[in-house]
Amino acid sequence: MDKIVINGSKRLDGEISVQGAKNSVLPILVATLLADGVSVIHNCPIISDVDATIKILRYLGCIVTREGHTITVDSSGVNKNDVPDELMREMRSSIVFLGGILGRMGKAILSTPGGCEIGLRPIDLHLSSMEQFGATVTTENGYIVCSAEENGLHGTRITLSFPSVGATENIILAAVLAKGTTIITNAAREPEISDLADFLNRCGARIHGAGDSTVTIEGVSKLNSTEHTVIPDRIVASTYMIAAAMTNGRICLKDIIPAHIGPTIQPLREAGCDVTVNCRKVSLIAPPKLHRIRMIRTMPYPGFPTDVQAQIMALTTIAEGTSVIIENIFESRFKHIPELVRMGAKIRIEGRVAVIDGVERLYGAEVISPDLRGGAALVLAGLCADGITTVRNISFIDRGYEDFENNLSMLNADVRRKAN
Ligand code: EPZ
């Protein structure tokens, strides 16, 4: 298991392009199952979650090739409808294959994804939605069997009790080839939903309202493959902005969609950062001393993203004053806190509320990545800490960040990856 070693207190300074969005490319790769012919997807990040998705596509019978950031999928040879346990366990968000396989094959058999580091990750909304399309859903020996072989999938009206991103994606994937119209109420509004809909509409689907709370999908008889460029990763963009803010640095991010990082810009301005937005670029100049952020509540988009909670918390540990962060989305997404405390942070936890009293500085330490975003937050803490920080279990970070340490090095950080 590799580790990242950081020699802190270097000011970040420079300009980088932001990778394609992990949480967009995953459902879009699944959606290629539904389109006849060869789909070409550009701006795919080189990260292990994409590798895991490609493995499943190949297992199902697709021919998948990759050239840099472009992935080509020929789904004409799909001859399986199941995702075995070992592949599901590699990436729990493979549950989004449910809608894609069911829509293509009429039956889907997936090993129960189970929980992960940040929570139980239930899939009740996914399964109840498939039943509303007329599929039968049974679970046997740790597998979910979802079948609509008799009468196929028919359009329906689904109201989600929570605007689940994955459930919204699975509903769209099942609806595009269903007979009739489907209306989703209380759909997730994340930009990745809109990107998935854009791809499918270019294939000939009829999806209206993606990105709003009500989405309408008119089922069509077939979809034709197409080319598509994945949107930039708003979570990765936010991570690099926070890295610059924590090191009294400055950064310019290219090729991003400023509206997508709006929820992160506001708190960074409250912390004293000078953030300017123009066209597809965002620039940030950090203040000499960060101010506290009164209250961060993680919420579904367009609220503050839960995927940036750990990173903004790292920033508040060295901000002047007391900040409060409430994690409303996942029940165990505070595992980075004990590791930050090892570096000198002063943080108290009351259930889903974290109270952070800013300190003068953090100190380098040996810390362990608890999950994908928590790991990134520990690297950010190492960037501003006095001395050397070693972050272990960085395979979590490799799931979502392409070339993390090299990008930070290009921004003047002293960061190296080392074999354990
Ligand atoms: C997606 O996960 C993202 N993953 C997550 O990003 C992100 O944190 C999350 O959306 C919220 O924005 C991908 O897109 C691959 P949800 P997902 O369904 O779809 C509850 C990262 O760091 N829920 O919106 O699993 C659930 O327990 C990852 O990139 C149910 O109760 O998130 C949670 O409390 C982490 N029943 C809440 O909804 C269900 O059937 C949000 O989950 C489904 C969800």
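Since the structure is predicted, the reported quantities are computational estimates derived from the model, not experimental observations.

> Explanation requested: the state of the cysteines in the structure shown.
Note on terminology: disulfide describes a covalent bond linking the sulfur atoms of two cysteines. As enumerated under the stated definition, the model contains 0 disulfides in all. A disulfide-free cysteine, Cys146 has its sulfur positioned 19 Å from the sulfur of Cys62, the nearest such atom. Judged by its relative accessible area of 0%, Cys146 falls in the buried class. Cysteine Cys252 shares no disulfide, and the gap to the nearest cysteine sulfur, in Cys279, comes to 12 Å.

> Explain the site of the ligand to me, please; I cannot follow it from the model alone.
The full set close to the ligand counts 23 residues, and Leu125, Ser164, Gly166, Asp307 and Ile329 are the nearest of them. Interatomic distance of 2.9 Å between a side-chain N/O atom of Arg121 and an oxygen atom of the ligand. Between the ligand and the protein, one listed contact pairs an oxygen atom with a backbone N or O atom of Pro122 at 3.3 Å. Out of a free accessible area of 820 Å², the ligand has 86% covered by protein chains. More than half of the atoms belonging to the ligand lie within 2 Å of the grid points that define the largest pocket. Looking at the shell around the ligand, the elements that each hand over two or more residues are helix H1 (22-31), helix H5 (124-132), helix H6 (165-175) and helix H12 (372-384). The element that contributes the greatest number of residues to the shell around the ligand is H5, accounting for 3 residues. By residue class, the composition of the shell around the ligand is 9 nonpolar, 6 polar and 8 charged.

> Quick question: what am I supposed to make of the pattern of salt bridges here?
Taken as a whole, this structure holds 19 salt bridges when the rule is applied. Across the pair Arg417 and Glu405 runs a salt bridge whose closest N-O atoms are separated by 2.8 Å. Separated by 12 residues along the polypeptide, Arg417 in strand S26 (residues 414-418) and Glu405 in helix H14 (residues 404-410) bring together distant segments of the chain. One network of salt bridges, in which partners are shared, links Asp2, Asp398, Glu405 and Arg417.

> Honestly, the layout of surface pockets in this entry has me stumped. Any pointers?
A water-sized probe rolled over the atoms picks out the places where empty space is left. What the largest pocket holds in volume is close to 1,300 Å³. As for the largest pocket, its lining consists of 50 residues, and the residues nearest its centre are Arg92, Ile118, Arg121, Val165 and Phe330. Considering every element that reaches the lining of the largest pocket, the biggest residue donor is H1, with 4 residues. Looking at side-chain class alone, the lining of the largest pocket contains 24 nonpolar, 9 polar and 17 charged residues. In this structure, the second largest pocket spans a volume of roughly 300 Å³. Lining the second largest pocket are 18 residues, with Met246, Thr247, Asn248, Pro288 and Ile318 sitting closest to its centre. Among the secondary structure elements, those contributing two or more residues to the lining of the second largest pocket are helix H8 (234-246) and H12. Residues belonging to the lining of the second largest pocket are distributed by class as follows: 9 nonpolar, 3 polar and 6 charged.

> Help me understand the sheet that holds strand S2 (residues 13-17) in this model?
Hydrogen bonds along the backbone pair up the strands of a sheet, which may run parallel or antiparallel. Across the sheet, 4 strands lie side by side as S2-S17-S19-S18; this open sheet has mixed pairing. Edge positions in the sheet fall to S2 and strand S18 (274-278), since each of these pairs with one other strand and no more. The mean inter-strand angle of the sheet, taken between neighbouring strand axes irrespective of direction, is 10°. Pairing of S2 with strand S17 (residues 250-254), which is carried by 5 bridges, proceeds in the parallel orientation. In the sheet register, Asp13 faces S17, and the bridge partner there is Arg250. Here H8 sits on the sheet in contact with S2, S17, S18 and strand S19 (281-285), set at roughly 165° to S17.

> Would you mind showing me how to read the side chain of Asp82 here?
Among the secondary structure elements, Asp82 is positioned in strand S7 (residues 82-83). Buried and unpaired, Asp82 has Lys80 as its nearest opposite-charge partner, separated by 6.2 Å. Among the polar contacts made by the side chain of Asp82, one reaches the side chain of Tyr59 at a distance of 2.7 Å. Leaving out residues up to four positions away in the same chain, Asp82 has contacts with Tyr59, Leu60 and Ile109.

> Which parts of the structure should I look at to understand empty space enclosed by the protein?
A full pass over the atoms with the stated rule returns 1 cavity of 30 Å³ or more. At the level of secondary structure, the elements contributing two or more residues to the lining of the largest cavity comprise H1 and H8. Class assignment for the residues of the lining of the largest cavity results in 2 nonpolar, 1 polar and 6 charged.

> Would you take a moment to explain the nonpolar core for this structure?
One recurring pattern in soluble globular proteins is that nonpolar side chains are buried together. Phe97 and Leu200 are the most contacted members of the largest nonpolar core, which totals 74 residues. In this structure, Ile261, Ala365, Leu380 and Ala385 belong to the second largest nonpolar core, which totals 71 residues.

> Sorry, what's going on with the side chain of Lys3 here?
Secondary-structure assignment places Lys3 in strand S1 (residues 3-7). Although Lys3 is buried, it makes no salt bridge; Glu366 carries the closest opposite charge, 6.1 Å away. Excluding residues within four positions of it along the chain, Lys3 makes contact with Thr390, Val391, Arg392, Ile394, Arg416, Arg417, Lys418, Ala419 and Asn420.

> Any chance you could explain H6 here in plain terms?
Spacing of three or four residues puts side chains on the same side of an α-helix, whose turn is 3.6 residues. Where burial is concerned, most of H6 is hidden: 10 out of the 11 residues are buried. Buried within H6 are the following residues: Gly166, Ala167, Thr168, Glu169, Asn170, Ile171, Ile172, Leu173, Ala174 and Ala175. Capping the start of H6 is the job of one residue whose side-chain oxygen sits 2.9 Å from the backbone nitrogen of Ala167: Ser164.

> How do you make sense of the pairing of strand S9 (residues 136-140) when you look at a structure like this?
Consecutive residues of a regular strand have side chains that alternate between opposite faces of the sheet. Pairing analysis gives 5 bridges linking S9 to strand S10 (residues 143-147), with the strands arranged antiparallel. Across the sheet, Glu140 pairs through a bridge with Tyr143, a residue of S10.

What counts as what
- Residues numbered from 1 in each chain as written.
- Predicted model: local features only at pLDDT ≥ 70, side-chain atom pairs only at ≥ 80, totals over all residues.
- Heavy atoms only, no water.
- Disulfide = S-S within 2.5 Å.
- Buried < 20%, exposed > 50% of the residue type's maximum accessible area, 1.4 Å probe, protein only.
- Near = heavy atom within 4 Å.
- Polar contact = N/O pair within 3.5 Å; in protein donor to acceptor, adjacent residues only side chain to side chain.
- Areas by Shrake-Rupley, 256 points an atom, 1.4 Å probe, with all protein chains shown as cover.
- 1 Å grid on protein atoms, 1.4 Å probe; cavity = no way out; pocket = protein on both sides within 12 Å on 5 of 7 lines; lining within 4 Å.
- Sits in = over half its atoms within 2 Å of the grid points.
- Helix = DSSP H or I, 4+ residues; strand = E, 2+ residues; numbered from the N terminus.
- Nonpolar A, V, L, I, M, F, W, Y, C, P; charged D, E, K, R; others polar.
- Salt bridge = Lys/Arg side-chain N within 4 Å of Asp/Glu carboxyl O.
- Points joined across faces, edges and corners; volume = space filled by probe spheres on them.
- Pairing = 2+ DSSP bridges.
- Axes fitted to C-alpha atoms, helices over the stretch in contact; angles between N-to-C directions.
- Contact = heavy atoms within 4.5 Å.
- Lys, Arg positive; Asp, Glu negative; His and termini not counted.
- Core = buried A, V, L, I, M, F, W, Y, C linked by side-chain atoms within 4.5 Å.

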